[in-house]
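Coordinate inspection notes
One letter stands for each residue in the lines below.
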Amino acid sequence: MAAQDTSPAPEEVAAPTMAPHGTDYAAIAMRRERRNNLALVSPALLILVVGASGPLVVMLIYSFLAAGDYGGVVWEFSTQGWFQVFLQRDMFDDTIGFADAHLSIFWRSLSLAFITTVLCVIFGFPTAYFIATRPPEQRSLWLFLVTIPFWTNLLIRTYAIMEVIRNEGLVNTALMKAGLISQPIQMLYTDFAIMLGMTYVYLPLMVLPLYASMEKLDFRLVEASYDLYASRMNTLRRIILPLVKPGLIAGSILVFVPCLGAYVTPRVLGGGKRLMLGNLIELQFGQGRNWPLGAALSITLLLIVMVALLIYVRNASRQGGAHG
Amino acid sequence: MYRACEGVGKLQATVTQVQPGERAAARLGTGQGAVAIALKGVSKVFGSGADAFKAVDDVSVDIRQNEFFTLLGPSGCGKTTLLRLIAGFEHPTSGEIRLKGKDISPLPPFDRPVNTVFQSYALFPHMTVAQNIAFGLEMLRRPKSEVQETVDRMLKLVRMEQLANRRTSQISGGQQQRVALARALAPQPEVLLLDEPLSALDYKLRKEMQIELKRLQSETGITFIFVTHDQEEALTMSDRIAVMSEGNILQIGSPREIYDHPAQRFVADFIGESNFLKAEVVRPLDPGAEIRLPSGATLTAGVPEGMRPAGSVTVVVRPEHARVVADPAAGALRGRLTNIVYFGTDTHYHVELPQDGEFIVRMQNQRGSEASFETGDEVGIEIGDGAPQVLKD
Amino acid sequence: MAEARRIRPFAVRHLPGFPTMALICFVCLYAPIITLVMFSFNESMSMSQWGGFSWRWYVAAWENERVQQASLLSLIVATCASLIATTVATAAALGTTRTRRYRGLTGIYVLINQPLMVPEIVTGVALLIVFAMVKVWTGYTGIGYLILAHTAFCIPFAYLPIRARLESMDATLEAAAADLYATPWMAFRRVTLPLLWPGILAGGMLAFVISLDDVVITEFVKSGGQDTLPTYMLSQIRRIVTPEMNAISTVFLAISIALVTIFFLLSRGKKQ
């Protein structure tokens, strides 16, 4: 039936002899399987291309166009968008200098993301270790307790933090009642608030991968370490930490990447004054009316994220290779 | 390579002759040829280019109806691939597979009147025992009454009537094995394929199931193709055995032929224990040949079918076909006893030969006849006439 | 013997300070949420002074027309997006697991997981750019854009649990079905689908929660006048906040937690 379309697939070239009747059923079966697989994945891929990946390509094109006066773009080639990412032309003497405002936002984004990651490690590591050392039947319950905040609305969690640290909020009221301070401390709308909020929001992302690698930790190795005269500190540093490193790296990437692109948390807790990259990007599509710059900034952010992910993938594959 | 040997231990199916499935009958005709499955020059190559791996290499074999046929070999020898080719999960790169004379190569697994007992059993975990057994019949759209009747018969056949409504996860490994068998037998296939079905069972259960399998085969009269790497299993259950290595069938024959007259060194080595000796062919006999061992002793030896032995050859002697004697001059070989290992039913004597290395003799222990050998003794080894077998390689 | 019993056994797994730190962590994770829930029942406007129990803010939220509209839109979008995403993700999982590796498989994985890797803000503005164009060309400004965007980023969340379930299933089951005369379709209906069902349900549930929670992408994709509950809340947070927000949040939390708990129980069931 399908004997006519039997051009040998690459896999089958090595076959020394064909079946006497000239039909290669292995190749036919393989092609049928491949056709089925493609038919099964194509609806998902179509939606993803239209609703996620394709627009990224369009955005790349937009970053090389000129800005329209009232938002949008003018369809002519321009590198202005990319130029403005880090540089600016002085209004009066036309000299080129660094765009200080942008640089400081890049710097704030990177440093806040970094500090948040470190804070998440400091809080997340003992938490993950604590869960991993519970009796097995308790573990999933503790894990569930970590997971719940993770799956509840990010905006609501940010709002909850906001309520706690605002001037009339619980912390300030309590401190004033205790007589420790006479005036509320301004915490909301500061970098501290953003950092606190992001740590709170992304902590589960650190705990989950850390737990995953700690669960696999063979505690006989820890016993061996103590047997060989190591103190608790040395055991932690020389045995436990190296063994859970893959989880630590995974967690750090998982926290660092969304922090870098954070939009809601700085908007709510930074009060629109303490901008991060996400807010700067949004600004170009709102009041800034500079779509090419917004597109270029987005792609810059995407590139930074990709670099972080690449480091992670290379690390993960090396770890995988080392363990066979 | 394939040698047609008629009338080898063929089981007489005393129970009702099973009718082939309706669909099968329509597709294949009801011709009752002697050959159930014929493989002709079947090869299977996985991958391509430098990664190409020839799992099955130009295999030809006829498997007769009502036969208990075993594919025996070490893991990776291609026996499971061969089974999957017959079942239709893989398609041959070249060659053809005939079921009762009809080429089934193009048919998908669900159009082949062949059923498989999987190594992992592959019982459907969301169905009961009875539902599992009924599955194939339902897929064949058999009338409900017939399905029910067959399921009951199968449950009885494998002695699982009590557990019909249990989930498959609630029964023991041995019971799962029986359900897998019943499920594969229920549609009354032309051929039943068994992929190491006993490997997951413990020793005692395995022994029981070996007997059970033989019983089922003779009661149903269905051709069994059985894959195993366990030589003992193969020897005790099979009508014929095909020994495989690296995608090739090395030898086909009855268990006795394979064990007593291995044609190649691999076969001799893989099945049972072996002593290999160099020898010179003195003259061919009919059957066999007269050979001379390096020690000077001459013996008659078996010779593989179709081989004309001449010059220097390798012969194999099974450890139980030799005897240790106290007088070094009395035996065909002489050597120094290096080790005596007691096994309960028998004792192994390791004898260091001057030329051929170590020779192992196995002798049965009998009350009151405890031999008084000691390590270090110079001993003789008696080998019976006809015990050595000349190898092709 | 007696002496040995008095010595405390050495706890191999113990690290000093770690349990304390962990407990602090759990308290900090839940304290703000519990505060938020508590003050949703506060009679007074205050977020720090307890003025007695009251349902007043729930009533206010219930009667707020904009909240009603936003809730309805949230539910419609989340339902449509999670249904479509789960369907196509199930198909995609079937086409990418339990098969020989084929060329392009890695590319397919990357494409499916892409929404997990790209920051939401980037996807958001990219969609803004494209949909702005499409809106001008077609004149259509309905909720189709929201459903499409939500479906796209829900796909990996639906895909991952379904794929995990498929991979943990015995691969020979379908082979056994085929061996027992089941056509591919029958094997899927009678064997694969019933076994896969918990995975599909879990995937759908996750997709629903993710869609319900989304702020950033919705913010950029929505047309004027369209608001889901999260974008409505975001616009309100910048103004004066009343405990009405707490009431809405509490209901929202309850729904999310209920769904996540079901998901948790479903995925636990599969291991046993």
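About the criteria used
Residues numbered from 1 in each chain as written. Chains lettered and ligands numbered in written order. Predicted model: local features only at pLDDT ≥ 70, side-chain atom pairs only at ≥ 80, totals over all residues. Helix = DSSP H or I, 4+ residues; strand = E, 2+ residues; numbered from the N terminus. Buried ≥ 20, exposed ≤ 12 C-beta atoms within 10 Å, placed from the backbone. Contact = placed C-beta atoms within 7 Å. Pairing = 2+ DSSP bridges. pLDDT = per-residue confidence, 0-100. Nonpolar A, V, L, I, M, F, W, Y, C, P; charged D, E, K, R; others polar. UniProt positions renumbered as here; feature names shortened; annotations may be inferred. Expected span 1.5 Å × (residues − 1). Axes fitted to C-alpha atoms, helices over the stretch in contact; angles between N-to-C directions. Core = buried A, V, L, I, M, F, W, Y, C linked by C-beta atoms within 7 Å. Parallel < 35°, antiparallel > 145°, perpendicular 65-115°, else oblique. Left-handed = near helix turned anticlockwise from the far one by under 90°.

**What about the overall build of chain B?**
Assigned secondary structure in chain B consists of 9 helices and 20 strands. Across its three principal axes, chain B shows a C-alpha extent of roughly 75 × 45 × 45 Å. Within the span of chain B, comprising 393 residues, buried residues form 43% of the whole. At a minimum sequence separation of 6, the contacts of chain B that also span at least 24 residues come to 69%.

**Quick look at the sheet that holds strand E11 (residues 275-284) of chain B**
Residue and element names in this part refer to chain B. Overall, antiparallel pairing links the 5 strands, which are arranged E13-E12-E11-E14-E20 in an open sheet. A strand with exactly one partner marks an edge of an open sheet, and here the two such strands are strand E13 (298-301) and strand E20 (389-390). Taken together, the 6 bridges between E11 and strand E14 (residues 312-317) define a ladder with antiparallel strand orientation. Within the sheet, the bridge partner assigned to Glu280 lies in E14 and is Ser312.

**Concerning the confidence of the model for chain B**
A residue-level look at chain B finds 91% of positions with pLDDT of 70 or above and a mean pLDDT of 85. Note on the complex model: pTM 0.80, ipTM 0.87.

**Topic: the interface of chain A and chain C**
Taken together, the contact pairs 72 residues of chain A with 67 residues of chain C. The element best represented in the side of chain A that touches chain C is helix H1 (residues 25-62) of chain A, accounting for 19 residues. Taken together, the residues that form the side of chain A that touches chain C break down as 49 nonpolar, 15 polar and 8 charged.

**Let's talk about the UniProt feature "domain: ABC transmembrane type-1" (unreviewed entry) in chain A**
Cross-referencing UniProt, the feature "domain: ABC transmembrane type-1" (unreviewed entry) maps to residues 106-312 of chain A in the present numbering. In the segment residues 106-312 of chain A, helix accounts for 78% and strand for 0%; the C-alpha atoms at its two ends are 22 Å apart.

**A word on the UniProt feature "transmembrane region" (unreviewed entry) in chain A**
Residue and element names in this part refer to chain A. As annotated by UniProt and renumbered to match this structure, "transmembrane region" (unreviewed entry) occupies residues 38-65, 105-129, 141-162, 192-212, 239-264 and 293-313. Annotated as 89% helix and 4% strand, the span residues 38-65 places its first and last C-alpha atoms 36 Å apart. The span residues 239-264 is 85% helical and 0% strand by assignment, and the distance between its end C-alpha atoms comes to 39 Å.

**Topic: helix H4 (residues 65-96) of chain C**
Across its 32 residues, H4 of chain C extends 45 Å between first and last C-alpha, which sits within 8% of the 46 Å expected from 1.5 Å per residue. The first or second residue beyond H4 of chain C is Arg98 of chain C, which carries a positive phi of 50°.

**Focus on the pairing of E14 of chain B**
In this structure, E14 of chain B lies alongside E20 of chain B, joined through 2 bridges in antiparallel fashion. Bridge pairing in E20 of chain B links Val315 of chain B to Val390 of chain B.

**Things to note about the sheet that holds strand E1 (residues 35-46) of chain B**
Pairing between the strands of a sheet comes from backbone hydrogen bonds, and it takes one of two forms, parallel or antiparallel. Residues and elements named next belong to chain B. Pairing is antiparallel in the open sheet, where 4 strands are placed in the order E2-E1-E4-E5. Each of the sheet's edge strands pairs with one partner strand only, and the pair in question is strand E2 (53-64) and strand E5 (102-103). In this fold helix H2 (residues 79-87) packs onto E1, E2 and strand E4 (94-99), with an angle of close to 65° to the strand it touches most, E2.

**Re the environment of Arg139 of chain A**
Residues and elements named next belong to chain A. Turning to its location among the elements, Arg139 is positioned in helix H4 (residues 136-151). Residues Arg139 and Val50 lie 89 residues apart in sequence; the distance between their C-alpha atoms is 41 Å. Apart from the residues lying within four places of it in its own chain, the contact partners of Arg139 are Ile131 and Arg134.

**Notes on unusual backbone geometry**
The residue Asp58 of chain B is not glycine, and still its phi comes out positive at about 50°. Assignment of secondary structure puts Asp58 of chain B in strand E2.

**Section: the confidence of the model for chain A**
Residues and elements named next belong to chain A. Residues at a pLDDT of 70 or more form 91% of chain A, whose mean pLDDT is 84. Mean pLDDT values over the elements of chain A span from 77, in strand E4 (residues 96-98), up to 93, in helix H3 (residues 100-132). Throughout residues 1-21 the model reports pLDDT below 50, and contacts reaching past four residues in sequence, or to other chains, amount to 37 contacts.

**Some details on the nonpolar core**
Counting residues in hydrophobic clusters, the biggest one holds 156 residues, and the most contacted among them are Ala89, Val125, Ile155 and Ala158 of chain C. Of the residues forming this core, the biggest block, 16 residues, is contributed by helix H7 (residues 191-215) of chain A. Sequence-distant contacts of Ile155 of chain C, that is, excluding residues within four places in its chain, are made with Ala44, Ile47 and Leu48 of chain A together with Ala85, Val88, Ala89 and Ile112 of chain C. If you look at the next biggest cluster of nonpolar residues, it comprises 115 residues, including Ile104, Leu213, Leu250 and Phe270 of chain B.

**Concerning the packing of helix H8 (residues 172-179) of chain C against helix H9 (residues 184-213) of chain C**
All names here are of chain C. For the pair H8 and H9, interaxial distance at closest approach is 10 Å and the crossing angle is 140°. Our classification of the angle between H8 and H9 gives oblique. H9 is crossed by H8, and the crossing has right-handed handedness. Every residue of H9 that contacts H8 at Leu173, Glu174, Ala177 and Ala178 is listed here: Ala187, Arg190, Val191 and Thr192. Residues of the contact of H8 with H9, tallied by class, amount to 5 nonpolar, 1 polar and 2 charged.

**As for the environment of Arg237 of chain A**
All names here are of chain A. Mapped onto the elements, Arg237 comes out in helix H9 (residues 232-243). According to the C-beta neighbour criterion, Arg237 is exposed, with 12 such atoms within 10 Å. Between the alpha carbons of Arg237 and Lys273 there is a distance of 41 Å; along the sequence they are 36 residues apart.

**So, the packing of helix H5 (residues 154-165) of chain A against helix H2 (residues 18-39) of chain C**
Running from N to C, H5 of chain A and H2 of chain C cross one another at 85°; their axes reach a closest spacing of 9 Å. As summarised for this structure, H5 of chain A and H2 of chain C are arranged roughly perpendicular, according to the angle between their axes. Where H5 of chain A approaches H2 of chain C, its residues Arg157, Ala160, Ile161, Glu163 and Val164 of chain A are matched on the opposing element by Pro32, Ile33, Thr35 and Leu36 of chain C.

**Let's talk about the environment of Ala122 of chain B**
All names here are of chain B. Tracing the backbone through its elements, the reader meets Ala122 in the loop between strand E6 (114-117) and helix H3 (129-139). Classification of Ala122 as buried rests on a count of 25 C-beta atoms within 10 Å. Sequence spacing of Ala122 and Gln176 is 54 residues, and the spatial spacing of their C-alpha atoms is 9.4 Å.

**A few points about the pairing of strand E16 (residues 333-342) of chain B**
Residues and elements named next belong to chain B. In terms of strand pairing, E16 meets strand E19 (residues 378-383) through 4 bridges, oriented antiparallel. Of the residues in E19, the one forming a bridge with Leu333 is Ile381. Both E16 and strand E17 (residues 346-353) contribute to a ladder of 6 bridges, which runs antiparallel. When the bridges of E17 are listed, Asn339 appears paired with His350. Linking E16 to E17, which pair antiparallel, is a turn of 3 residues; within it Gly344 sits at a positive phi near 90°.

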